[in-house]
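# Structural description and commentary
So the chains spell out like this:
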Amino acid sequence: MNLFRFLGDLSHLLAIILLLLKIWKSRSCAGISGKSQVLFAVVFTARYLDLFTNYISLYNTCMKVVYIACSFTTVWMIYSKFKATYDGNHDTFRVEFLVIPTAILAFLVNHDFTPLEILWTFSIYLESVAILPQLFMVSKTGEAETITSHYLFALGVYRTFYLFNWIWRYHFEGFFDLIAIVAGLVQTVLYCDFFYLYITKVLKGKKLSLPA
């Protein structure tokens, strides 16, 4: 554990809490992509099945349980509790174009051809693109609520900190994971345009609107 990973975990947890609070307080999931949240639930489930076989630390175990529980709670809120407010007409990204290629890639490119390792690799690949339905939804509506923008920004910060985490681990521990680094770079790049809009608009008190 190093500072960058810890800050990344906190940013990730903050993003999830912001989203849950936004939905619960407003009693609405308007502007939230249910498809992205389902993908994140799949990501956490596939990645953390080792909960039952591999104990690392109390911190690690607690974070895994929190991520899984929160992701499924979010999905439940969107598709059950506040289903009437879900904007399915704009949440139209074809997720099979993300799930199938990343699943195939996980079978072809992995560290070890075992069930848990393939699932872990699949989760890394899928997480790198899981936000695309949300970004696509924002692009279709042309704008995002402030709290949704904060959620997306916190997710982007989480990935950025994790890139620094990999750099730190390579420099001080000699650890290098090409799969995680490349997937993290892809995910961070997807947020770059959003980062610019967030800094130039949302932080100045303006509503985030995408250019036509």
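Since the model is a prediction, treat every value here as computed from it, not as a measurement.

## Focus: the pattern of salt bridges
Enumeration over the complete set of coordinates arrives at five salt bridges. For the salt bridge of E96 with R94, the shortest nitrogen-to-oxygen distance reads 2.4 Å. You can call R94 partly exposed: its relative accessible area is 47%. The residue E127 makes a salt bridge to R159 at a minimum N-O spacing of 3.7 Å. You can see E127 sitting in helix α5 (residues 115-129) and its partner R159 sitting in helix α7 (residues 146-173), a full 32 residues away along the chain. Judged by its relative accessible area of 2%, E127 falls in the buried class. One connected set of salt bridges, linked through shared partners, spans R47, E127 and R159.

## Concerning the packing of aromatic side chains
The tally for this structure, following the rule as stated, stands at 14 aromatic pairs. Between the aromatic rings of F44 and Y67, the centroid separation amounts to 5.3 Å while the plane-to-plane angle is 15 degrees, which identifies the pairing as stacked. Of this pair, F44 sits in helix α2 (residues 34-47) while Y67 sits in helix α3 (residues 58-81), and the two are 23 residues apart along the sequence. There is no split in this pair, since F44 and Y67 are both buried. With a centroid separation of 6.3 Å and 20 degrees between ring planes, the pair formed by Y48 and Y67 is classed as stacked. Here Y67 lies in helix α3 and Y48 lies in the loop between α2 and α3, a separation of 19 residues in the sequence. Among the residues examined, Y67 registers a relative accessible area of 3% and is labelled buried. Each member of the aromatic cluster is reached from another via a ring pair, and the members are F4, F164, W168 and F172. Of note, R27 hangs over the ring of W24, and the distance from its end group to the ring centre comes to 4.5 Å. Across the ring face of Y158, the terminal group of R159 is positioned such that the distance to the ring centre comes to 4.9 Å.

## Quick notes on the packing of α2 against α3
Running from N to C, α2 and α3 cross one another at 155 degrees; their axes reach a closest spacing of 9 Å. For the element pair α2 / α3, the angle class is roughly antiparallel. Here α2 runs over α3; the crossing is left-handed. Counting all contacts with α2, which are made through G34, K35, Q37, V38, A41, F44 and T45, the residues of α3 involved are Y67, I68, S71, F72, T74, V75, I78 and Y79. Grouping the amino acids of the contact of α2 with α3 by side-chain chemistry returns nine nonpolar, five polar and one charged.

## A short note on the UniProt feature "transmembrane region" (unreviewed entry) in the protein
Within the UniProt annotation, "transmembrane region" (unreviewed entry) is assigned to residues 65-82, 119-138, 150-168 and 174-199. The annotated region residues 65-82 carries 94% helix and 0% strand content, and the separation between its end C-alpha atoms amounts to 24 Å. Within residues 150-168, the helical portion is 100% and the strand portion 0%, while the C-alpha atoms at the span's ends are 27 Å from each other.

Each value, and the rule that gives it
Residues numbered from 1 in each chain as written. Predicted model: local features only at pLDDT ≥ 70, side-chain atom pairs only at ≥ 80, totals over all residues. Heavy atoms only, no water. Salt bridge = Lys/Arg side-chain N within 4 Å of Asp/Glu carboxyl O. Buried < 20%, exposed > 50% of the residue type's maximum accessible area, 1.4 Å probe, protein only. Helix = DSSP H or I, 4+ residues; strand = E, 2+ residues; numbered from the N terminus. Phe/Tyr/Trp six-rings, centres within 6.5 Å; stacked < 30°, edge-to-face > 60°. Lys NZ or Arg CZ within 6 Å of the ring centre and 35° of its normal. Axes fitted to C-alpha atoms, helices over the stretch in contact; angles between N-to-C directions. Parallel < 35°, antiparallel > 145°, perpendicular 65-115°, else oblique. Left-handed = near helix turned anticlockwise from the far one by under 90°. Contact = heavy atoms within 4.5 Å. Nonpolar A, V, L, I, M, F, W, Y, C, P; charged D, E, K, R; others polar. UniProt positions renumbered as here; feature names shortened; annotations may be inferred.

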